[in-house]
Amino acid sequence: MKNTLSKKYKGCQIWHLFFALILCLSFVNVQSASYIVNKEHSKLKFKVKYMALTDVEGQFDDYKIYFDMKDKTISNLVGQIKVNSINTFDKKRDQHLKKDDFFDAKKYPVIKFQSVQPFPVNEKEVKAEIQVKIKKVQKTVPVKITYLGKRSDPWTEKEGHYFQGSFIIDRFDFDINWSKTFDGGNVVDKDVHINFTIEAYQSNEKPAFSRFYLPTNSVKREVSLDAKTSGGDLIMPEKKAPKSPAPQESSSYSAPMNITLTLFSTAIVFALAIGGGIWGQQKLVKLMESKNFSDNLTFLLSTVIVTTFIAVIFYITTKYTGIGTHPLFNR
């Protein structure tokens with residue numbers, strides 16, 4: 001009877017494990033969702049004291065921010081800011097800020113940042129840490145962040161999440177050392193205060209509100225010029241907004257290298273999980289047979305153990321198989 005079980009099991013184990021693997025993949029993929037920040041309704045602002053009396057204020061107009069979120073816990077947050085998008089509403093000052101006195105945009109065109117570890121967000125202010133890289137310097141900076149809530153887009157009913165927060169950096173720590181002095185100290189203060197307001201949607205979900213879908217021709221005319229500089233092409237639905245609009249812009253998720261790395265990693269994990277599962281379940285069946293377990297109990301326990309093993313493997317390797325950008329792609 002035991003030999004009969006082993007032979008029958010060997011005939012169906014590949015299909016059985018393949019089905020179990022699909023269930024595990026489905027389970028893993030619903031655990032967290034990947035989000036992209038929508039620049040249409042987000043702001044990344046800064047201010048710094050000038051002559052110790054007044055503030056010079058500005059913002060960055062071009063940036064990308066991605067993160068995963070599950071149960072109001074954020075992980076795998078990654079962002080890039082284009083230095084050339086700095087905007088203090090004074091062209092001469094902006095040009096100076098881009099030069100090597102400050103950011104040296106020609107040599108270091110991108111400011112990068114990423115989360116240090118997962119952190120929760122809620123309606124009360126919480127503290128987290130991010131690694132910020134400006135020029136060659138990378139340092140960990142404390143961040144204060146508050147979850148403002150979620151709203152459904154009035155056209156597509158896609159759900160957006162909203163955040164606000166702030167942090168302070170010492171520009172001298174990041175090799176931004178230009179300084180003139182007067183009797184009250186530095187002309188430009190060393191501390192730069194960054195404030196942000198964020199609207200985020202799940203990746204590949206494009207909100208229809210505002211410039212994306214315009215309800216009337218008159219509104220379309222009013223925002224057409226502004227949309228060309230900050231919102232991309234205008235899309236005017238004939239009757240109603242489609243249920244699944246295209247993403248606002250190509251993201252790191254769709255980059256060829258990221259796709260290649262993800263597919264390669266997935267193939268390796270898939271092969272190891274299937275091979276390890278088949279090998280492991282064969283060993284378990286033989287062990288349980290030698291211990292005189294019943295046929296049904298042998299089949300049930302070996303299946304549960306191997307399926308759990310596969311689920312754990314895919315949960316651990318989610319960042320390599322499609323949840324967020326591939327870690328090697330960010331290097």
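Let's talk about the pairing of strand S14 (residues 188–202)
Line of reasoning, step 1. Sheet analysis places strand S1 (residues 33–37) next to S14, joined by three bridges and oriented antiparallel. Counted as the bridge partner of Ile36 is Tyr201 from S14.
Line of reasoning, step 2. Bridge count for strand S2 (residues 43–50) against S14 is seven bridges, and the pairing is antiparallel. Among the inter-strand pairings, Leu44 is bridged to a residue of S14, identified as Phe196.
Line of reasoning, step 3. The pairing of strand S11 (residues 159–170) with S14 spans ten bridges and is antiparallel. By the bridge assignment for S14, Ile169 is matched with Val192.

Quick notes on the layout of surface pockets
Line of reasoning, step 1. Empty space within the largest pocket amounts to approximately 880 Å³.
Line of reasoning, step 2. Class assignment of the residues belonging to the lining of the largest pocket gives a composition of 35 nonpolar, one polar and four charged.

Concerning a nonpolar patch on the surface
Line of reasoning, step 1. On the surface, Phe264, Ile268 and Leu272 cluster together to form a nonpolar patch covering roughly 330 Å² of accessible area.
Line of reasoning, step 2. With respect to the helices and strands, the residue Leu272 is situated in helix H4 (residues 256–290).
Line of reasoning, step 3. Judged by its relative accessible area of 61%, Leu272 falls in the exposed class.

Brief notes about the nonpolar core
Line of reasoning, step 1. Core analysis: the biggest nonpolar cluster contains 46 residues, and Phe67, Phe103 and Phe163 have the highest contact counts within it.
Line of reasoning, step 2. With six residues, S14 is the largest single contributor of residues to this core.
Line of reasoning, step 3. Phe103 has contacts with Phe60, Val83, Ile86, Leu97, Lys98, Tyr108, Ile111, Ile134, Lys135 and Ile176, leaving out every residue within four places of it along the chain.
Line of reasoning, step 4. The next biggest cluster of nonpolar side chains, apart from the first, holds seven residues, and it includes Val269, Ala273, Val306 and Phe314.

Let's talk about the pairing of strand S5 (residues 73–82)
Line of reasoning, step 1. Examined bridge by bridge, strand S4 (residues 63–70) and S5 share seven bridges and lie antiparallel to one another. Its bridge partner lying in S5, Lys64 is registered against Gln80.
Line of reasoning, step 2. Where S4 folds back onto S5 in an antiparallel hairpin, the turn is made up of two residues, including Asp71, whose phi is positive at roughly 50°.
Line of reasoning, step 3. Of the pairings in the sheet, the one linking S5 to strand S8 (residues 119–120) comprises two bridges and is antiparallel in character. Pairing of Thr73 across the sheet is with Pro120, part of S8.
Line of reasoning, step 4. As judged from the five bridges shared by S5 and strand S7 (residues 110–115), these two strands associate in the antiparallel manner.

About the thresholds
Residues numbered from 1 in each chain as written. Predicted model: local features only at pLDDT ≥ 70, side-chain atom pairs only at ≥ 80, totals over all residues. Heavy atoms only, no water. Pairing = 2+ DSSP bridges. Helix = DSSP H or I, 4+ residues; strand = E, 2+ residues; numbered from the N terminus. 1 Å grid on protein atoms, 1.4 Å probe; cavity = no way out; pocket = protein on both sides within 12 Å on 5 of 7 lines; lining within 4 Å. Points joined across faces, edges and corners; volume = space filled by probe spheres on them. Nonpolar A, V, L, I, M, F, W, Y, C, P; charged D, E, K, R; others polar. Patch = residues over 30% accessible without salt bridge, like charges linked within 9 Å, V, L, I, M, F, W, Y side chains within 5 Å. Areas by Shrake-Rupley, 256 points an atom, 1.4 Å probe, with all protein chains shown as cover. Salt bridge = Lys/Arg side-chain N within 4 Å of Asp/Glu carboxyl O. Buried < 20%, exposed > 50% of the residue type's maximum accessible area, 1.4 Å probe, protein only. Core = buried A, V, L, I, M, F, W, Y, C linked by side-chain atoms within 4.5 Å. Contact = heavy atoms within 4.5 Å.

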